[in-house]
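Below are the chains, spelled out letter by letter.
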Amino acid sequence: MRYYRVHSADIAYLTKQPRGIFTAIYKLVESKILTDEEIKMYWENRAYFEQKLPVPPFYEKDNPDHAVTWFKDTKEGNQIWKEMRFYREMAFKYGLKLYMSECHEVPGDMIYEDDFQIAVKNPYPAVKIETHEIKP
């Protein structure tokens, strides 16, 4: 199975891994870089994805295992990625480079799985992960 993460180059304080796309775009909101209309659209998009994409339960406990999520190359996982157009547009508009990391085996100790994604902690250094920049 193919797994993929979409992220920025910034390293997240908690996970010590590249910051995932949801958090990366939230950082733009937090920095007040987006326009008022874009911020409104951000919250609308966030509400949609929080309803459609299961939120792994460890986030309710502030992610004590410092896990990161990877999309699964499934119908569900790929559909969610296609629907994330707003996040890609905001990244490209404001010069935030996005990257896709891909692998073909579980890249760490899996602590969560649903139809869309997996979550792993303790990344496996031996797993071959290919990373490339996503272009507009």
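In case you missed it, the structure is sitting above this.
The following refers to the structure shown. (Residues numbered from 1 in each chain as written. Predicted model: local features only at pLDDT ≥ 70, side-chain atom pairs only at ≥ 80, totals over all residues. Heavy atoms only, no water.)

1. Describing the environment of His7
Rule in force here: To qualify as a helix, a DSSP run of H or I must reach at least 4 residues; to qualify as a strand, a run of E must reach at least 2; elements of each kind are numbered from the N terminus. Contact criterion: two residues are considered in contact whenever any of their non-hydrogen atoms come within 4.5 Å of each other. N or O atoms closer than or at 3.5 Å make up a polar contact, with two conditions inside protein: a donor-capable atom paired with an acceptor-capable one, and, for residues adjacent in sequence, both atoms drawn from side chains.
Residue placement: His7 occurs in strand S1 (residues 3-11). A C-alpha to C-alpha distance of 13 Å links His7 and Glu130, two positions 123 residues apart in sequence. Non-local contacts of His7, meaning those with residues more than four positions away in its chain, are made with Pro18, Arg19, Gly20, Ile21, Lys97, Leu98, Tyr99, Met100, Ser101 and Thr131. There is a polar contact of 2.7 Å between the side chain of His7 and the side chain of Ser101.

2. Quick notes on helix H4 (residues 85-93)
Applicable threshold: Using a 1.4 Å probe on the protein chains alone, a residue whose accessible area is under 20% of its type maximum counts as buried, one over 50% counts as exposed, and one in between counts as partly exposed.
Buried within H4 we find Phe86, Tyr87, Arg88, Met90 and Ala91. The inward-facing, buried residues of H4 abut helix H1 (21-30), helix H2 (36-52), helix H3 (75-83) and strand S4 (98-103). A positive phi of about 75° marks Gly95, the residue just after H4.

3. With respect to the layout of surface pockets
Worth spelling out the cut-off: Both site types are read off a 1 Å grid over the protein atoms alone. A 1.4 Å probe that fits but cannot get out defines a cavity, while an open set with protein on both sides within 12 Å along at least five of seven lines defines a pocket; lining residues have an atom within 4 Å of a point. Grid points are joined across faces, edges and corners, and a volume is the space filled by probe spheres set on the points. Put simply, Ala, Val, Leu, Ile, Met, Phe, Trp, Tyr, Cys and Pro go in the nonpolar bin, Asp, Glu, Lys and Arg in the charged bin, and everything else, Gly too, in the polar bin.
Here the largest pocket defines a volume of roughly 1,000 Å³. Residue lining of the largest pocket: 35 residues in total, with Gly20, Phe22, Thr23, Tyr59 and Thr69 positioned closest to the centre. Listing elements by their share of the lining of the largest pocket, those giving two or more residues are S1, strand S2 (18-20), H1, H2 and strand S3 (68-72). In terms of residue count, H1 provides more of the lining of the largest pocket than any other element does, six residues in total. Of the residues assigned to the lining of the largest pocket, the class counts are 21 nonpolar, seven polar and seven charged.

4. Section: the side chain of Ser8
Along the chain, Ser8 falls in strand S1. Take Ser8: its relative accessible area is 1%, and that puts it in the buried class. A distance of 3.3 Å separates a polar side-chain atom of Ser8 from the backbone nitrogen of Asp10. In this structure Ser8 touches Pro18, Arg19, Ala24, Leu96, Lys97 and Tyr99, once residues within four positions along its chain are discounted.

5. Looking at the packing of H2 against H3
Basically, it comes down to this: Think of each axis as a best-fit line through the C-alpha atoms, taken over the contacting stretch in the case of a helix, with angles from 0 to 180 degrees between the N-to-C directions. Just so you know how the angles are binned, under 35 degrees is roughly parallel, over 145 roughly antiparallel, 65 to 115 roughly perpendicular, and the rest oblique.
Contact geometry for H2 and H3: axes closest at 12 Å, N-to-C directions at 175°. Taken as axis vectors, H2 and H3 run roughly antiparallel relative to one another. On H3, the residues that touch Tyr48, Phe49 and Lys52 of H2 are Gln79, Ile80 and Glu83. Classifying every residue of the contact of H2 with H3 gives three nonpolar, one polar and two charged.

6. Some words on the packing of H1 against H4
Rule in force here: Each helix crossing is assigned a hand: it is left-handed if the near helix lies turned anticlockwise from the far helix by less than a right angle, otherwise right-handed if that turn is clockwise.
Running from amino to carboxyl end, H1 crosses H4 at an angle of 55°, the nearest separation of the two axes being 10 Å. By the criterion of interaxial angle, the relationship of H1 to H4 is oblique. Between H1 and H4 lies a crossing whose hand is left-handed. Of the residues in H4, those in contact with Ile21, Phe22, Ile25 and Leu28 of H1 are Tyr87, Met90 and Ala91. When the residues that make up the contact of H1 with H4 are grouped by side-chain class, the tally is seven nonpolar, no polar and no charged.

7. Topic: the packing of aromatic side chains
Our working definition: Within 6.5 Å between ring centres, the rings of Phe, Tyr and Trp (the latter by its six-membered ring) count as paired, and their orientation is classed by plane angle as stacked under 30 degrees, edge-to-face over 60, tilted in between. Sitting over a ring, as applied to charges here, requires NZ of Lys or CZ of Arg to be within 6 Å of the ring centre and within 35 degrees of the ring normal.
A complete count under the given rule lists eleven aromatic pairs for this structure. Taking the centre distance of 6.4 Å and the plane angle of 75° together, the rings of Tyr26 and Trp43 count as edge-to-face. With Tyr26 in helix H1 and Trp43 in helix H2, this pair connects stretches of sequence that are 17 residues apart. For Trp43, a relative accessible area of 41% corresponds to the partly exposed category. With a centroid separation of 6.2 Å and an interplanar angle of 70°, the aromatic rings of Tyr42 and Tyr87 are classed as edge-to-face. Here the residue Tyr42 occupies a position in helix H2, and Tyr87 occupies one in helix H4, the gap between them amounting to 45 residues. For the residue pair Tyr42 and Tyr87, the accessibility class agrees, reading buried in each case. An aromatic cluster is present here, built from Phe22, Tyr26, Tyr42, Trp43, Tyr48, Phe49, Phe86 and Tyr87 joined pairwise through their rings. Positioned over the ring face of Tyr26 is Arg46, at 5.6 Å from the centre of the ring. The side chain of Arg88 reaches across the aromatic face of Trp81, ending 4.5 Å from its centre.

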